[in-house]
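Okay, here's what each chain looks like letter by letter:
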Amino acid sequence: MMRENKKSLFNDPKKQNILIPILAILLSLVAAAVILLILGKNPLSAFYNLLQGSGLAPKARYATGKSMVTDFTDFLNSLTPMIFASLAVMVALKGGLFNIGVSGQMLVAGFVTTILIGYSDLNAFIAKPLVIIIGFVIGALVGGLIGFLKYKFNINEVVSSIMINYIAQYVISFFINTKYVDPVSRQSKNIGPSARLTLMNMKLGGFKINIPLAIVLALITVFVIRFIINKTVMGFEIKSVGSGILSSKYIGIDVNRKILQTMLISGGLAGLAGVTYYLGFYSSIRPNVLPSVGFDAIAVCLLGNSSSIGIVFASFIINLISEGGNYMSSQAGVDREISAVITGLILLFSACGAYIKYKLNDVNKEKQNRKILEEKEGENA
């Protein structure tokens, strides 16, 4: 029975989709442990510091008004834009497109929403929903522009999205530095609390915690996107175009329209990532800087096997490493960049997922052939 379970684990493609990401994480942690040992640090202690920094393990001591709960809610706050950004990458990949411009779409959506709603005097019950709606619309428009350039002029979406990233970065930086800069922080002026998607310093059990309102929306969106991709005609057509343009045209799918539609959805999700980042996790925009979340989302999508549910778990892992990195750096005495190295290793091993799957299947075929050969030899004997 044990042997049959082991066999099915390696043969079942669905189980391989779970096994390979786990293997990628384990291999990356082993590689990171080797690096930490070379640096003369204790890997287990350093990894535990990551958990402590993310609110998943208790610290030795806390500042006044802080606790493990406050650290965990901050972790969820930073997790929210990661989930949206990863979904944006995933939708584009399902349609055969590589949206490397998620960071630029986040920045544009965050900036425009900040100007329109963040600096307004609107009531919170009106401002917060408007932040979500406008963020989605602006992100969709930027993503749609990339899709339009793709089907109208056959401009590769990677090239156009990278160019839009740079344009957004420098143009928005110009406006912040000339019109909206805070003279003290040298970032954009802070938005009003009524527009912020995080309830700051809420008192609970004697502690002050930051409650991320949009984490619920992010989890709902995961299941909505999963339903659209797997259960609707639109989702089928998106995946069909991603699998093969010529075959999609043959069965009557309007490929150009579907490319535009895919990038509109992808850009809209990136816009939600932008407003939950700049008007949720943060309350201002740092000029001349693209959010790293948009690029980390690529690693998350790969690690999650381009699956909505997989993305939630992958976002959790990558965000844990990213957010816990500062605490690991201070406690273990290693450079902050080590957490980025671990993330990079996960991305590297995840990118090798197809090769790992090939090797697993190759080993399984060899075992099956050997078993058949042994059975034949047994019959002849």
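Please refer to the structure higher up on the page.
Because the structure is a prediction, the values reported are computed rather than measured. (Residues numbered from 1 in each chain as written. Predicted model: local features only at pLDDT ≥ 70, side-chain atom pairs only at ≥ 80, totals over all residues. Heavy atoms only, no water.)

Q: Honestly, the packing of aromatic side chains in this entry has me stumped. Any pointers?
A: The way to describe two aromatic rings as a pair is by their centre distance and the angle between their planes. What the rule picks out here adds up to twelve aromatic pairs. Centre to centre, the rings of Tyr277 and Tyr278 are 4.9 Å apart; their planes meet at 90 degrees, and the pair counts as edge-to-face. Tyr278 sits in the buried class, given a relative accessible area of 4%. Ring geometry for Phe281 and Tyr282: centres 4.6 Å apart, planes at 65 degrees, overall edge-to-face. Here the aromatic cluster, defined as three or more aromatic residues joined through ring pairs, consists of Tyr277, Tyr278, Phe281 and Tyr282. (Phe/Tyr/Trp six-rings, centres within 6.5 Å; stacked < 30°, edge-to-face > 60°. Buried < 20%, exposed > 50% of the residue type's maximum accessible area, 1.4 Å probe, protein only.)

Q: Looking at this structure, how should I read the pairing of strand S1 (residues 198–204)?
A: A regular strand places its side chains so that they alternate between the two faces of the sheet. Pairing analysis gives five bridges linking S1 to strand S2 (residues 207–212), with the strands arranged antiparallel. Bridged to Leu199 within S2 is Ile211. If you look at the hairpin formed by S1 and S2, you'll find two residues sitting between the two strands, and Gly205 has a positive phi there, around 60 degrees. (Pairing = 2+ DSSP bridges. Helix = DSSP H or I, 4+ residues; strand = E, 2+ residues; numbered from the N terminus.)

Q: Would you explain the nonpolar core in this entry?
A: Taken as a class, soluble globular proteins show a tendency for nonpolar side chains to be buried jointly. In this structure, Leu269 and Ile342 are the most contacted members of the largest nonpolar core, which totals 85 residues. With residues near it in sequence (within four places) discarded, Ile342 still touches Ser28, Leu29, Ala32, Phe47, Leu50 and Ile321. (Core = buried A, V, L, I, M, F, W, Y, C linked by side-chain atoms within 4.5 Å. Contact = heavy atoms within 4.5 Å.)

Q: What's the story with the pattern of salt bridges in this structure? I'm lost.
A: Opposite charge on two side chains makes pairing possible when the charged atoms of those side chains draw close. This structure, assessed with the given rule, holds three salt bridges. Here Lys59 and Asp71 are joined by a salt bridge, their closest N and O atoms 3.1 Å apart. Highlighted residues: Lys59 in the loop between helix H3 (43–53) and helix H4 (68–94) and Asp71 in helix H4, separated in sequence by twelve residues. Judged by its relative accessible area of 12%, Asp71 is buried. Of the charged contacts in the structure, one is a salt bridge between Lys258 and Glu237, with a shortest N-O distance of 2.7 Å. (Salt bridge = Lys/Arg side-chain N within 4 Å of Asp/Glu carboxyl O.)

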